[in-house]
Amino acid sequence: MRQVAASRLRGFGTSVFSEMSRLAVEHEAINLGQGFPDFPGPDLAKEAAAAAIQADLNQYAPSHGLPRLRRAIAATFAHTYGRAVDPEHEVTVTSGATEALLATLLAVLEPGDEVILIEPFYDAYPAQVTFAGGVPRYVPLQAPDWSLDLDALAAAIGPRTRALVINTPHNPTGKVFSRAELEGLAALCREHDLIAISDEVYDRIIFDDAVHVPLATLPGMWERTVTLNSTGKTFSMTGWKVGYAIAAPALTRALRTTHQFITFATATPLQEAMAVALEYALASDYYARLAATYTDLRDRLRQALEAAGLPVLPCRGSYFLLADIAGLGFDSDVAFCRFLTAEVGVAAIPPSAFYADPARAPLLARFCFAKRPETIAAAADRLAALASLRRH
Ligand code: PMP
Ligand code: GLN
């Protein structure tokens, strides 16, 4: 029999998240690797989902999403960012932000079109660009402050460049792109007629004085930007996989065309529940409480890592901290994360998985702080073993 895997799969094996979660289970490690909360989402969302199932909302939703959910998404964006959104023609509900990204790429790329990815990148981006027939081009953020070099970005744009993917707040660095950086990036998109895909799944998980600016709200960007988001992050229900795309009507029409033939629609009772959750959040102080909770968890994990002798980089958004592992005697972040999981009993993610060439990754480890204080405290106890390791 011929080899079953098509050539477009070349270079894409098991995702680092599956691999590290498997290793965590195998070694009974506390899993600070794969990003997901270990605390429950809001009761009212769970009750709404259960009620929707009891009420037999069990059949397909309209392909682009339940009207109530699309209205809640549009109202939330308009209220938060001051830009009116038409729920009928500018919002599409998808099975996670992941599906929204694939639907967008399939909708806009011609074979061989180039897509600029900012490195480190969320690991699904290069795979999805490739699956959609595109060619990724990488522009690095410079550690340790993760600044974006706009000249390097401009230099990466060529005649075949069609789109650019940006992620703010950024996984794994915790960077929140500044308005000035986004304006520079937007100017390049306008100048070169690029489509911008802006992954903003952590827009509600921001800290200190950080301000999230949706790229789509900058001058001249609405028509050419697809904004991706995920209720999984905002309501701590990553396994529900309810995401969405906001985009001007022409882009929305295109991505709805692909979406309808990828999944057709997203789980109906979960859409209903997320509509209830978004309505509630908009009418209450939910988002402020979410940010306050995450600020506390971030600070707890930072203290635990620093107490273990691991310096931590600043984090202004997302639920990840990067710790500096240089000087511990490991020649790669993968070796360190395997050791940490198997020998210390705490799982982390090696950020080299977010680099096209892992050798370009600085020696860091990513820790997720979407965890109960007890989980972080238990991890702190185990991480203390690292401090003695460093002394010997
Ligand atoms: N983008 C980023 C930057 C992420 O960290 C994640 C995390 N899961 C996703 C997209 C995927 O979101 P979803 O689970 O809604 O597909
Ligand atoms: N986004 C999550 C992370 O960065 C993982 C999602 C997944 O496992 N696909 O850890």
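This text gives an overview of the structure that appears in the document.

Calculation notes
Residues numbered from 1 in each chain as written. Chains lettered and ligands numbered in written order. Predicted model: local features only at pLDDT ≥ 70, side-chain atom pairs only at ≥ 80, totals over all residues. Heavy atoms only, no water. Helix = DSSP H or I, 4+ residues; strand = E, 2+ residues; numbered from the N terminus. Rg over C-alpha atoms; globule rule 2.2 N^0.38 Å. Buried < 20%, exposed > 50% of the residue type's maximum accessible area, 1.4 Å probe, protein only. Contact = heavy atoms within 4.5 Å. Areas by Shrake-Rupley, 256 points an atom, 1.4 Å probe, with all protein chains shown as cover. Expected span 1.5 Å × (residues − 1). Near = heavy atom within 4 Å. Polar contact = N/O pair within 3.5 Å; in protein donor to acceptor, adjacent residues only side chain to side chain. Nonpolar A, V, L, I, M, F, W, Y, C, P; charged D, E, K, R; others polar. Pairing = 2+ DSSP bridges. Axes fitted to C-alpha atoms, helices over the stretch in contact; angles between N-to-C directions.

Attention now moves to the overall build of the protein chain. Counting secondary structure elements, the protein chain contains 13 helices and twelve strands. For the protein chain, the C-alpha radius of gyration of 21 Å lies close to 21 Å, the compact-globule estimate for 392 residues. With respect to the principal axes defined by its C-alpha atoms, the protein chain has extents near 65 × 55 × 55 Å. Each of the 392 residues in the protein chain was classed as buried or not, and the buried ones make up 56%. Long-range pairs, those at least 24 residues apart, make up 76% of the contacts in the protein chain with a sequence separation of at least 6. Total accessible area on the protein chain is roughly 16100 Å²; 54% of this is exposed by carbon and sulfur atoms.

With that settled, the discussion passes to helix H10 (residues 268-283). With 16 residues, H10 should cover 22 Å at 1.5 Å per step; its first-to-last C-alpha distance of 23 Å lies within 8% of that length. The buried fraction of H10 amounts to twelve of the 16 residues, a majority that puts the element mostly inside the structure. Here H10 has its buried residues at Thr-268, Pro-269, Leu-270, Gln-271, Glu-272, Ala-273, Met-274, Ala-275, Val-276, Ala-277, Leu-278 and Ala-281. Along its buried surface, H10 packs onto helix H2 (43-54), helix H3 (67-81), strand S2 (91-94), helix H8 (231-234) and helix H11 (286-307).

Of note, Gln-3 is situated in the segment before helix H1 (16-26). Assessed through its relative accessible area of 71%, Gln-3 is described here as exposed.

So, about the site of ligand 1. Taken together, Gly-96, Ala-97, Thr-98, Tyr-122, Asn-167, Asn-171, Asp-199, Val-201, Tyr-202, Ser-230, Lys-233 and Lys-241 make up the full set of residues near ligand 1. Note that an oxygen atom of ligand 1 is positioned 2.8 Å from one of the backbone N or O atoms of Ala-97. Take Tyr-122: an N or O atom from its side chain is 3.4 Å from a nitrogen atom of ligand 1. Contact with the protein chains removes 92% of the 390 Å² of surface that ligand 1 exposes when unbound. The element contributing the most residues to the shell around ligand 1 is helix H4 (residues 96-108), with three residues. Tallied by class, the residues present in the shell around ligand 1 amount to four nonpolar, five polar and three charged.

All right, on to the site of ligand 2 then. Taken together, the neighbourhood of ligand 2 is formed by Phe-17, Gln-34, Gly-35, Tyr-122, Asn-171, Lys-233, Phe-320 and Arg-366. The separation between an oxygen atom of ligand 2 and a polar side-chain atom of Asn-171 is 2.9 Å. For ligand 2, the protein covers 78% of the area, taking 300 Å² as the surface of the free molecule. Split into classes, the residues belonging to the shell around ligand 2 amount to three nonpolar, three polar and two charged.

Here the focus is unusual backbone geometry. Here the amide bond leading from Ala-143 into Pro-144 is cis, since omega sits at 0°, within 30 degrees of zero. Along the chain, Pro-144 falls in the loop between strand S4 (135-142) and strand S5 (147-148). Asn-171 connects to Pro-172 through a cis peptide bond whose omega is 15°. Position of Pro-172 among the secondary structure elements: in the loop between strand S6 (161-167) and helix H7 (179-191). Non-glycine residue Asp-208 carries a positive phi angle of around 55°. Counting through the fold element by element, Asp-208 comes out in the loop between strand S7 (195-199) and strand S8 (225-230). The exposed category is assigned to Asp-208, whose relative accessible area is 55%. Phi at Ser-318 is positive, roughly 80°, even though this residue is not glycine.

A separate point is the pairing of S4. Both strand S3 (residues 114-119) and S4 contribute to a ladder of six bridges, which runs parallel. When the bridges of S4 are listed, Glu-114 appears paired with Val-135. Between the end of S4 and the start of S5, which pair antiparallel, lie four residues, with Trp-146 showing a positive phi angle near 60°.

Moving on to the sheet that holds S2. Strand pairing in a sheet relies on backbone hydrogen bonds, with the paired strands running either antiparallel or parallel. In spatial order, the strands read S2-S9-S8-S7-S6-S3-S4-S5; together these eight strands make up an open sheet with mixed pairing. Only two strands of the sheet have a single neighbouring strand rather than two, namely S2 and S5. Two strands pair when backbone bridges link them, and S7 and S8 are joined in this way by four bridges, in the parallel orientation. Its bridge partner being in S8, Ile-197 is matched across the sheet by Val-226. The strands touched by H7 are S3, S5, S6 and S7; relative to S6, the strand with the most contacts, the crossing angle is about 165°.

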